[in-house]
Amino acid sequence: MEASSSSAVFPAPAPIPAGVDRADWESFAWQMQNRVRDLAGLERWIEPTPDEARAVGDLARRFRFVITPYYASLMDPLDPDCPIRRQVVPSPLEGEDDAGLADPLDEVLHSPVKNVIRVYPDRIAFCVNNECALYCRFCLRKRMVGETGWSMQKRELEVALDWIAENPEIRDVLLTGGDPLIFSDDRLDWLLTRLRGIPHVELIRLGTRLPVTLPQRVTDTLCRMLERHHPIWVNTHFNHPKEITEAAAEACRRLVAAGIPVGNQSVLMRGINDDPATMKTLCEQLVRIRVRPYYCYQAQLLEGTGHFRVPIERGIEIFSALRGRTSGFAIPRFVLDTPHGKVPLEPSSLVGREGDEVVVRAWNGELWREPNPLD
Ligand SMILES: *Cc1c(COP(=O)(O)O)cnc(C)c1O
Ligand code: SF4
């Protein structure tokens, strides 16, 4: 039988660059200290196009430009359309659209206390810090990540914890940011212990991109600590199959081995993952590393990210094309985030009612009449 492309070595090895010590490369601290922050740093990894070089100079001030060496090593040095490169290297297109909003979800309006976002009765997003390992050009929270005004002092975390303790309807707390795994194990342990001390907090979730952008952060020590605070759920953020390397798969494996269900939230982006074949590969490779595709977000109308946006109808087509053609649990729900919460974007399979029958359309276009009398 002919080998399919998916039977190539999987997950893809991500070799340690020549001249770098293995212990350094695998150290969270080394990765953070040696991040790419300017054009000279970028030139160690790729040959920037004149446009990219100009954008690094012009736009890096408006939205921080930082890349971990690990993630930088995944970039194609010669191809400016590389899906890794496009996520983190500034593009002049960012300066062209000023139509977007800084805070499209009115998150500031929905914050009862600083950095707590509440749009649902029973759960909150708690932005515990404003730091990430690297800064994604399409980030929804561009307004706050890397900005000192949004950082959280321990005292401010206490204010948020007090608010949660005073609101017994909050049963599910999503720690996000920034990235909660930027915290040291000790700081995170302190925070989780405090949350666990609030009896009505049933679930704690972590939204983190570090398994993708700095997988070296997910150590056994971290996982042993997280395990003590179960039930803990993690959602990470892979956007393209190229990100599913051996190192990223190992980070997810450690989380799963600690009994943590790991999900994925991606963003649908033009030229990165906006075709059915790429999306199908991404989703199938995620379930191979036991990561469950959870949401795929429609990219928001956000300042400087217009060039990533895809028409919603196209997104619906992409996910319809997966239905019936891959494992059901490999298909994420395509959603639009709004100030009122997440809204699923799906074609209706309901054709209509005909008397005592309801007519539905299956994945392959076949119609089915289901006997279903009205009461
Ligand atoms: C996404 C989100 C949640 C969690 O939503 P789920 O659909 O339960 O995953 C909670 N609060 C806010 C503000 C969110 O944006
Ligand atoms: S990791 Fe997440 S929060 Fe941080 S810059 Fe990227 S998209 Fe934004």
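Presented here is a report on the structure given in the accompanying data block.

**Considerations on the sheet that holds strand β7 (residues 292-298)**
To summarise the sheet geometry, strands pair through backbone hydrogen bonds and adopt either a parallel or an antiparallel arrangement. The nine strands are arranged β1-β2-β3-β4-β5-β6-β7-β8-β9 in an open sheet whose pairing can be described as mixed. Strands with a single pairing partner mark the edges of an open sheet, and in this sheet they are β1 (116-117) and β9 (341-344). The pairing of strand β6 (residues 262-268) with β7 spans six bridges and is classified as parallel. Counterpart to Gly263 in the pairing with β7 is Arg292.

**Points about the site of ligand 1**
Taken together, Ile117, Val119, Tyr120, Arg123, Ile124, Ala125, Arg205, Tyr294, Tyr295, Asp337 and Lys342 make up the full set of residues adjacent to ligand 1. One nitrogen or oxygen atom from the side chain of Arg123 is found 2.7 Å from an oxygen atom belonging to ligand 1. The separation between an oxygen atom of ligand 1 and a polar side-chain atom of Arg205 is 2.7 Å. If you list the elements that add at least two residues to the shell around ligand 1, you get β2 (123-127) and β7. Here the shell around ligand 1 gets three residues from one element, more than from any other, and that element is β2. Split into classes, the residues belonging to the shell around ligand 1 amount to seven nonpolar, no polar and four charged.

**Describing the site of ligand 2**
All residues adjacent to ligand 2 are Cys132, Leu134, Tyr135, Cys136, Cys139, Val145 and Arg209. Taken together, the residues that form the shell around ligand 2 break down as six nonpolar, no polar and one charged.

**What about the pattern of salt bridges?**
Here the structure, examined in full by the defined rule, presents 24 salt bridges. Its salt-bridge partner being Lys114, residue Glu156 comes within 3.0 Å of it at the nearest N-O pair. On the criterion of sequence distance, the pair formed by Glu156 in helix α7 (residues 154-166) and Lys114 in the loop between α6 (83-88) and β1 is long-range, its members being 42 residues apart. For the salt bridge of Arg253 with Glu250, the shortest nitrogen-to-oxygen distance reads 2.9 Å. Here Arg253 and its partner Glu250 are both found in helix α11 (residues 246-257), three residues apart, which amounts to about one turn of the helix. Residues joined in a network through salt bridges with shared partners are Asp122, Arg123, Arg171 and Glu202.

**Focus: the packing of aromatic side chains**
Scanning all chains against the criterion turns up six aromatic pairs. Seen in terms of ring centroids, Phe138 and Phe308 are 6.0 Å apart; in terms of plane orientation they differ by 85 degrees. Their pairing is edge-to-face. Highlighted residues: Phe138 in the loop between β2 and α7 and Phe308 in the loop between β7 and α13 (312-322), separated in sequence by 170 residues. The pair Phe138 / Phe308 is uniform in exposure class, with both members buried. An aromatic cluster is defined as three or more aromatic residues linked by ring pairs; in this entry it consists of Trp25, Trp30 and Trp45. Arg123 extends its terminal NZ or CZ atom over the ring of Tyr120, reaching a point 3.8 Å from the ring centre. The lysine or arginine in question, Arg288, covers the ring of Phe10, its NZ or CZ lying 4.0 Å from the ring centre.

**Here's the deal with the sheet that holds strand β11 (residues 357-361)**
A sheet is described by the order of its strands in space; here three strands give the open sequence β10-β11-β12, paired in antiparallel fashion. Both edges of this open sheet fall to β10 (350-354) and β12 (367-371), since each of them pairs with a single strand only. For this sheet, the mean angle separating the axes of adjacent strands, direction not counted, is 20 degrees. As judged from the four bridges shared by β10 and β11, these two strands associate in the antiparallel manner. Residue pairing in the sheet places Arg353 in a bridge with Val358 of β11.

**A look at the side chain of Ser91**
Relative to the helices and strands, Ser91 is located in the loop between α6 and β1. By relative accessible area, Ser91 is classed as buried at 16%. Here Leu93 takes part through its backbone nitrogen, which lies 2.9 Å from a polar atom of the side chain of Ser91. Contact partners of Ser91, with chain neighbours within four places excluded, come to Ala55, Leu59 and His307.

**Looking at the environment of Glu156**
The class of Glu156 is buried, set by a relative accessible area of 18%. For the pair formed by Glu156 and Arg353, sequence separation is 197 residues and the distance between their alpha carbons is 54 Å. There is a polar contact of 3.0 Å between the side chain of Glu156 and the side chain of Lys114.

The rules we used
Residues numbered from 1 in each chain as written. Chains lettered and ligands numbered in written order. Predicted model: local features only at pLDDT ≥ 70, side-chain atom pairs only at ≥ 80, totals over all residues. Heavy atoms only, no water. Pairing = 2+ DSSP bridges. Helix = DSSP H or I, 4+ residues; strand = E, 2+ residues; numbered from the N terminus. Near = heavy atom within 4 Å. Polar contact = N/O pair within 3.5 Å; in protein donor to acceptor, adjacent residues only side chain to side chain. Nonpolar A, V, L, I, M, F, W, Y, C, P; charged D, E, K, R; others polar. Salt bridge = Lys/Arg side-chain N within 4 Å of Asp/Glu carboxyl O. Phe/Tyr/Trp six-rings, centres within 6.5 Å; stacked < 30°, edge-to-face > 60°. Buried < 20%, exposed > 50% of the residue type's maximum accessible area, 1.4 Å probe, protein only. Lys NZ or Arg CZ within 6 Å of the ring centre and 35° of its normal. Axes fitted to C-alpha atoms, helices over the stretch in contact; angles between N-to-C directions. Contact = heavy atoms within 4.5 Å.

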